[in-house]
Amino acid sequence: MCHISGTRQTMANGTEKAGFDENSQAQFDASARETQLRAPAKRERVRLGEGGRFVIPAAMREEMGVKPGEDLILHIENGELRVRSWLRNLRRVQAELSALKRPGESVVDEFLKERREEQRRSDKRLDRLHAEGMTRKGAK
């Protein structure tokens, strides 16, 4: 910041000096300006259009990591609309659930084992019902 004054100053040796006094200005930092311009706004005013549509500002979309055409998750929390990236949300849930998995455990293998057992029980029941139906048909 530059400070210029047109006053008289008394020097250390007792003499007066007339004229302007100038303090040096801090160097302009262009990168600071660019950084600030790139920083997404935390709040933006948008207008709700036809059909309840509004545009998410580009800086906010960039911070969210979403692009046009991607899926979003919307929900209301305490009367506020919350918007999240579907893909980022999926990755967050996967990370949370992977923390619950025991080392060396295959969740897929466990799931397939359960499904095969369920299918075996279903096939056994179907075979029994088929046999009962054939027995009744033969008795007639």
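Thresholds applied
- Residues numbered from 1 in each chain as written.
- Predicted model: local features only at pLDDT ≥ 70, side-chain atom pairs only at ≥ 80, totals over all residues.
- Heavy atoms only, no water.
- Helix = DSSP H or I, 4+ residues; strand = E, 2+ residues; numbered from the N terminus.
- Contact = heavy atoms within 4.5 Å.
- Areas by Shrake-Rupley, 256 points an atom, 1.4 Å probe, with all protein chains shown as cover.
- Pairing = 2+ DSSP bridges.
- Patch = residues over 30% accessible without salt bridge, like charges linked within 9 Å, V, L, I, M, F, W, Y side chains within 5 Å.
- Salt bridge = Lys/Arg side-chain N within 4 Å of Asp/Glu carboxyl O.
- 1 Å grid on protein atoms, 1.4 Å probe; cavity = no way out; pocket = protein on both sides within 12 Å on 5 of 7 lines; lining within 4 Å.
- Points joined across faces, edges and corners; volume = space filled by probe spheres on them.
- Nonpolar A, V, L, I, M, F, W, Y, C, P; charged D, E, K, R; others polar.
- Buried < 20%, exposed > 50% of the residue type's maximum accessible area, 1.4 Å probe, protein only.

A. Inspection of the overall build of the protein chain at higher detail. A tally of helices and strands in the protein chain yields four helices and six strands. Starting at the N terminus and ending at the C terminus, the protein chain contains elements arranged as β-β-β-β-α-α-β-β-α-α. Sequence separation of at least 24 residues holds for 8% of the intrachain contacts in the protein chain that already meet a minimum separation of 6. In the structure as shown, the protein chain presents an accessible area of about 13200 Å², 53% of it carried by carbon and sulfur atoms.

B. Just the pairing of strand S5 (residues 72-77), in detail. Examined bridge by bridge, S5 and strand S6 (residues 80-85) share six bridges and lie antiparallel to one another. What sits directly across from Leu 72, in S6, is Ser 85.

C. Molecular detail of a nonpolar patch on the surface. A cluster of nonpolar side chains, contributed by Val 46, Leu 48, Phe 54, Leu 72, Leu 74, Ile 76 and Leu 81, occupies part of the molecular surface with about 650 Å² of accessible area. In terms of residue count, the dominant contributor to the nonpolar patch is S5 (three residues). Relative to the helices and strands, Val 46 resides in the loop between helix H1 (30-38) and helix H2 (58-64).

D. Region of interest: the layout of surface pockets. The space that makes up the largest pocket amounts to roughly 410 Å³. Glu 44, Val 46, Phe 54, Val 55, Ile 56, Pro 57, Met 60, Met 64, Glu 80, Leu 81, Arg 82 and Val 83 together form the lining of the largest pocket. Counting residues per element, the ones that place at least two in the lining of the largest pocket are H2 and S6. Of the residues forming the lining of the largest pocket, the biggest block, four residues, is contributed by S6. For the lining of the largest pocket, the class distribution of residues is nine nonpolar, no polar and three charged. Empty space within the second largest pocket amounts to approximately 200 Å³. Residue lining of the second largest pocket: Phe 54, Val 55, Ile 56, Arg 61, Val 66, Lys 67, Pro 68, Gly 69, Glu 70 and Leu 72, and that is the complete set.

E. Representation of the side chain of Asn 89. Of note, Asn 89 is situated in helix H3 (residues 86-98). Exposure remark for Asn 89: the relative accessible area of 13% places this residue in the buried category. Beyond its immediate sequence surroundings of up to four residues, Asn 89 is in contact with Ile 73 and Arg 84.

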